[in-house]
Amino acid sequence: MNIALVANDSKKTLMENLCIAYRHILIKHNLYATGTTGKLIEDTSSLLVHKFLAGDLGGEQQLASQITNNEIDLVIFLRDTSYPPKPQTTGSADFNSALRLCDMHNIPFATNLATAEALLLALDRGDLDWRNLVRNNG
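Residues numbered from 1 in each chain as written. Predicted model: local features only at pLDDT ≥ 70, side-chain atom pairs only at ≥ 80, totals over all residues. Heavy atoms only, no water.

Q: Lay out the overall build of the protein in plain terms, naming residues and giving numbers.
A: Along the backbone of the protein there are 7 helices and 5 strands. Written out in order from the N terminus, the α and β elements of the protein read β-α-α-β-α-β-α-β-α-β-α-α. Burial status across the protein gives 45% buried among its 138 residues. Sequence-distant contacts in the protein: of pairs separated by 6 or more residues, those separated by 24 or more amount to 69%. (Helix = DSSP H or I, 4+ residues; strand = E, 2+ residues; numbered from the N terminus. Buried < 20%, exposed > 50% of the residue type's maximum accessible area, 1.4 Å probe, protein only. Contact = heavy atoms within 4.5 Å.)

Q: Just give me the short version of the pairing of strand β1 (residues 2-7), but keep the residues and values in it.
A: Within β1, 6 of the 6 residues are buried, leaving the element largely enclosed by the surrounding structure. Residues Asn2, Ala4 and Val6 of β1 are buried on one face, and the alternating residues Ile3, Leu5 and Ala7, pointing to the opposite face, are buried as well. Across 4 bridges, β1 lies against strand β2 (residues 30-33) in parallel orientation. Counterpart to asparagine 2 in the pairing with β2 is asparagine 30. Looking at chain direction, β1 and strand β4 (residues 74-78) are connected through 5 bridges and run parallel. (Pairing = 2+ DSSP bridges.)

Q: I'd like a description of the sheet that holds strand β3 (residues 49-51), backed by residues and values.
A: In space, the 5 strands of this open sheet follow the order β3-β2-β1-β4-β5, with parallel pairing throughout. Each of the sheet's edge strands pairs with one partner strand only, and the pair in question is β3 and β5 (109-110). Sheet contacts for helix α6 (residues 113-125): β1, β4 and β5; angle to β4, the most-contacted strand, approximately 155 degrees. (Axes fitted to C-alpha atoms, helices over the stretch in contact; angles between N-to-C directions.)

Q: An account of the nonpolar core is requested, with residue identities and associated values reported.
A: Within the largest apolar cluster, 24 residues are counted, with the highest numbers of intra-cluster contacts made by Leu5, Met15, Ile76, Leu120 and Leu123. Elements with a contribution of two residues or more to this core: β1, α1 (12-21), α2 (23-26), β2, β4 and α6. Counting residues per element, this core draws most heavily on α6, which supplies 4 residues. Among residues more than four places away in sequence, those in contact with leucine 5 are Met15, Cys19, Leu31, Tyr32, Ala33, Thr34, Thr37, Ile41 and Ile76. (Core = buried A, V, L, I, M, F, W, Y, C linked by side-chain atoms within 4.5 Å.)

Q: Residue-level account of unusual backbone geometry, with values.
A: Although it is not a glycine, asparagine 70 sits at a positive phi angle of roughly 60 degrees. Within the secondary structure, asparagine 70 is located in the loop between α4 (59-68) and β4. Accessibility expressed as a relative area gives 8% for asparagine 70, which makes it buried.

Q: Let's hear about the side chain of threonine 34: which residues, and what values?
A: With respect to the helices and strands, the residue threonine 34 is situated in the loop between β2 and α3 (35-45). The residues touching threonine 34, leaving out its near neighbours within four places in the chain, are Leu5, Val6, Phe52, Leu53, Gly55, Gly59 and Glu60.

Q: I'd love a proper account of the pattern of salt bridges, names of residues and values included.
A: For the coordinates displayed, the defined rule picks out 6 salt bridges. One salt bridge connects lysine 12 with aspartate 9, and the closest N-O pair in it is separated by 3.8 Å. With relative accessibility at 69%, the residue aspartate 9 sits in the exposed group. Glutamate 42 serves as the salt-bridge partner of lysine 51, at 2.8 Å between the closest nitrogen and oxygen. Look at lysine 51 and you get partly exposed, because its relative accessible area is 34%. (Salt bridge = Lys/Arg side-chain N within 4 Å of Asp/Glu carboxyl O.)

Here it is in structure tokens:
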């Protein structure tokens, strides 16, 4: 499975901890992340991560492109909701586009730790194997 990992700055440590805790599951899959998040995950968990550009430098667009092409099977985006949303910027518009695309392509999407853990455990049990059929049949 192809898993995308994205985290707002204030959630990067949480993402690192998630990847350390679930390394035994994540190591079996292809991991993709925006630049800084990917580097941090590699450094702390020794997982191999394909790194896009930084989110605000086009990484979110690269992720959206892969989602559009049905090449991502699961997205975990740990986001900071403690502040009001920033005015619509190119980066936030790309993220909203990626979220909408996940809905269109039935790609499981977690935005918090509880849902991320539930999806990773479901992935390990084989509950998301149906994504192989969807991805291979376009």
